[in-house]
Amino acid sequence: MSRVLAGPFCTQILADYGAEVIKVEQPGQGDDTRYWRVDGETPTWGKENKMSYYFAAVNRNKRSITLDVKREEGKKILLSLVEKADILVENFIPGKMEQFGLGYDVLAKLNPSLIYASISGYGAEGPYSKRAGYDIIAAAEAGLLHITGERDGPPTKPGVALTDISTGLYTHGAILAALQARRRTGKGQKIDSSLFETQLSLLTSVATVWLNMKKEATRFGTEHPSIVPYAAFKTKDSWLVCGAVNNRQFKTLVGLLGCVDVVDDERFGSNDRRIENRDSLKGILDACFVKRSTEEWLSALEGSGMPYGPINDMEHSFEHPQAKARDMIEEVDFEGLLGGKLRTVGVPVKFGDTKAFIRRGPPRLGEHTDEILREIGMDAGEIEALRENGVL
């Protein structure tokens, strides 16, 4: 019962790992992200008008049922599904499921072993609990945008919805922990996660510095607040990232760059001194890196033990030899897409014995409604009556 990103990302991970996931969607409309298409995307879907690559990215390996849970008949069907379920994931504003008559207290009486995961913007309690949750708002209010961007530039949004995605990651881990707890106790429980709390936790060392020193964080672009050098550098033809996390690596780096005299400069003799003089050092290193192409620098850095790599666009990211070696591009059948095949990002975690795999593509809206209803004992006549009455 989740929509958009955090919840669907969470349940897709579980689905990739083998869970049978049923996506409950609003009749006629479904998940809003079915309609979130980038410029030029629509023609690639042919006659399919309720599907997007955004939706496809986080809803594979799931079945879809359309169900109006505000109607008594729809609620009854959901309760039948919950009765046999291990997990329910929802991301309504806190209190909305209770309004439907489907709150945790109700569902736990029906199925005491149920793991009920609720994802919201701010959590179930507190003065902001009734506010809707959005990735960029949580990223703003919980500090991420304040620390993201160039030092002399405005706050910058990351290229993907990191707060949403990370909330999904946290929640999937919490669900698995709750399943383990159920093995010991025999009882399910409610899990309450939020975008705001997730983003605060993601501040990690930045947060700990503030909490203990009251030292305000600033934006550093690609640079690191406590390691210098560690940044993106312009080369003759593109960009690469490179760093030196200790004095030994720093000596190696400046030696490769051909500016060995920097080693004896007392301004750069330790990481503390390099932090104090980061602008001066950055200027020197910038002048060195721009003299050669990225490929030339990659060849020079190969085998050095240094942290380094090119800044790849999407083409080069997915042409990367590791992406191919680790099966990070997969293909599934999807008739609605021109060409009949959907290419998707592979499962990033590999299991030794129980392989995670992509069994099916993203579902069409309500694609499995009849199938799922038959599984809970309904016949064709009952299903058709529900459809005519707008329940499905």
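Throughout what follows, the structure given in this document is the object of discussion.

1. Quick look at unusual backbone geometry
Cis geometry marks the peptide bond from Val-228 to Pro-229; its omega dihedral reads 0 degrees. As for its placement among the helices and strands, Pro-229 is situated in the loop between helix 9 (204-213) and strand 6 (230-234). Of note in this structure, Val-4 is not a glycine but carries a positive phi near 70 degrees. Turning to its location among the elements, Val-4 is positioned in the segment before helix 1 (6-16). In this structure, Asn-61 is a non-glycine residue whose phi angle is positive, near 60 degrees.

2. Quick word on the sheet that holds strand 5 (residues 189-194)
If you walk across this open sheet you meet the three strands as 3-4-5, and the pairing is parallel. With one partner strand each, in any of the chains shown, strand 3 (87-90) and strand 5 form the two edges of the open sheet. Each adjacent strand pair in this sheet contributes to an overall mean axis angle of 15 degrees, direction not counted. With four bridges joining them, strand 3 and strand 4 (residues 115-120) adopt parallel strand pairing. Across the sheet, the residue bridging to Val-89 is Ala-117, located in strand 4.

3. Let's talk about the packing of aromatic side chains
Counted under the stated rule, the structure contains ten aromatic pairs. Arranged with centres 5.5 Å apart and planes meeting at 85 degrees, the rings of Phe-92 and Phe-100 form a pair that is edge-to-face. Phe-100 carries the same exposure label as Phe-92, and that label is buried. With a centroid separation of 5.8 Å and 35 degrees between ring planes, the pair formed by Tyr-122 and Phe-196 is classed as tilted. Pair noted here: Tyr-122 is in the loop between strand 4 and helix 6 (135-141) and Phe-196 is in helix 8 (residues 195-202), with a separation of 74 residues, a long-range link. Given a relative accessible area of 11%, Tyr-122 falls into the buried group. Linked through ring pairs, Trp-45, Tyr-53 and Phe-334 together constitute an aromatic cluster. The aromatic ring of Phe-250 is capped on one face by Arg-274, whose charged end is 4.3 Å from the ring centroid. Over the face of the ring belonging to Phe-357 we find Arg-359, whose NZ or CZ atom lies 5.6 Å from the ring centre.

4. A short note on the pairing of strand 10 (residues 341-345)
Here strand 10 shows one buried face, formed by Leu-342 and Thr-344, and one open face, formed by Lys-341, Arg-343 and Val-345. With five bridges joining them, strand 9 (residues 329-333) and strand 10 adopt antiparallel strand pairing. Each residue of the ladder has a partner; that of Val-332, found in strand 10, is Leu-342.

5. Let's talk about the nonpolar core
If you look at the biggest cluster of nonpolar residues, it comprises 26 residues, and the most contacted ones within it are Met-1, Leu-67, Leu-78, Leu-88, Met-97 and Leu-392. Of all elements in the fold, only helix 3 (72-83), helix 5 (104-110), helix 16 (369-375) and helix 17 (380-388) reach the threshold of two or more residues within this core. Element by element, the count of residues in this core is highest for helix 3, at four residues. Setting aside residues up to four positions removed in sequence, Leu-67 forms contacts with Val-24, Glu-25, Gln-26, Pro-27, Gly-74, Ile-77, Leu-78, Val-391 and Leu-392. Membership of the second largest hydrophobic core comes to 20 residues, among which are Phe-250, Cys-259, Leu-285 and Met-306.

6. Notes on the side chain of Asp-164
Structurally, Asp-164 is set in helix 7 (residues 162-185). The charged side chain of Asp-164 is buried without a salt bridge, its nearest counter-charge being Lys-157 at 8.7 Å. Beyond its immediate sequence surroundings of up to four residues, Asp-164 is in contact with Leu-5, Ala-6, Asp-135 and Leu-195.

7. Side note on the environment of Met-306
Its place among the elements puts Met-306 in the loop between helix 13 (294-301) and strand 8 (308-310). It is 44 Å that separates the C-alpha atoms of Met-306 and Tyr-35, two residues lying 271 residues apart in sequence. Aside from chain neighbours lying at most four places away, what touches Met-306 is Gly-243, Ala-244, Gln-249, Thr-252, Leu-253 and Leu-301.

8. Some details on the packing of helix 10 (residues 247-257) against helix 13
Remark: helix 10 packs on helix 13, axes separated minimally by 11 Å, with the N-to-C direction vectors making an angle of 130 degrees. Classed by the angle they form, the pair helix 10 and helix 13 counts as oblique. Between helix 10 and helix 13 lies a crossing of right-handed hand. For the pair helix 10 and helix 13, contact is made by Leu-253, Leu-256 and Leu-257 and by Trp-297, Ala-300 and Leu-301, respectively. Within the contact of helix 10 with helix 13, the residues separate by chemical class into six nonpolar, no polar and no charged.

The rules behind the values
- Residues numbered from 1 in each chain as written.
- Predicted model: local features only at pLDDT ≥ 70, side-chain atom pairs only at ≥ 80, totals over all residues.
- Heavy atoms only, no water.
- Helix = DSSP H or I, 4+ residues; strand = E, 2+ residues; numbered from the N terminus.
- Pairing = 2+ DSSP bridges.
- Axes fitted to C-alpha atoms, helices over the stretch in contact; angles between N-to-C directions.
- Phe/Tyr/Trp six-rings, centres within 6.5 Å; stacked < 30°, edge-to-face > 60°.
- Buried < 20%, exposed > 50% of the residue type's maximum accessible area, 1.4 Å probe, protein only.
- Lys NZ or Arg CZ within 6 Å of the ring centre and 35° of its normal.
- Core = buried A, V, L, I, M, F, W, Y, C linked by side-chain atoms within 4.5 Å.
- Contact = heavy atoms within 4.5 Å.
- Lys, Arg positive; Asp, Glu negative; His and termini not counted.
- Salt bridge = Lys/Arg side-chain N within 4 Å of Asp/Glu carboxyl O.
- Parallel < 35°, antiparallel > 145°, perpendicular 65-115°, else oblique.
- Left-handed = near helix turned anticlockwise from the far one by under 90°.
- Nonpolar A, V, L, I, M, F, W, Y, C, P; charged D, E, K, R; others polar.

By themselves, these observations are geometric and do not establish any function.
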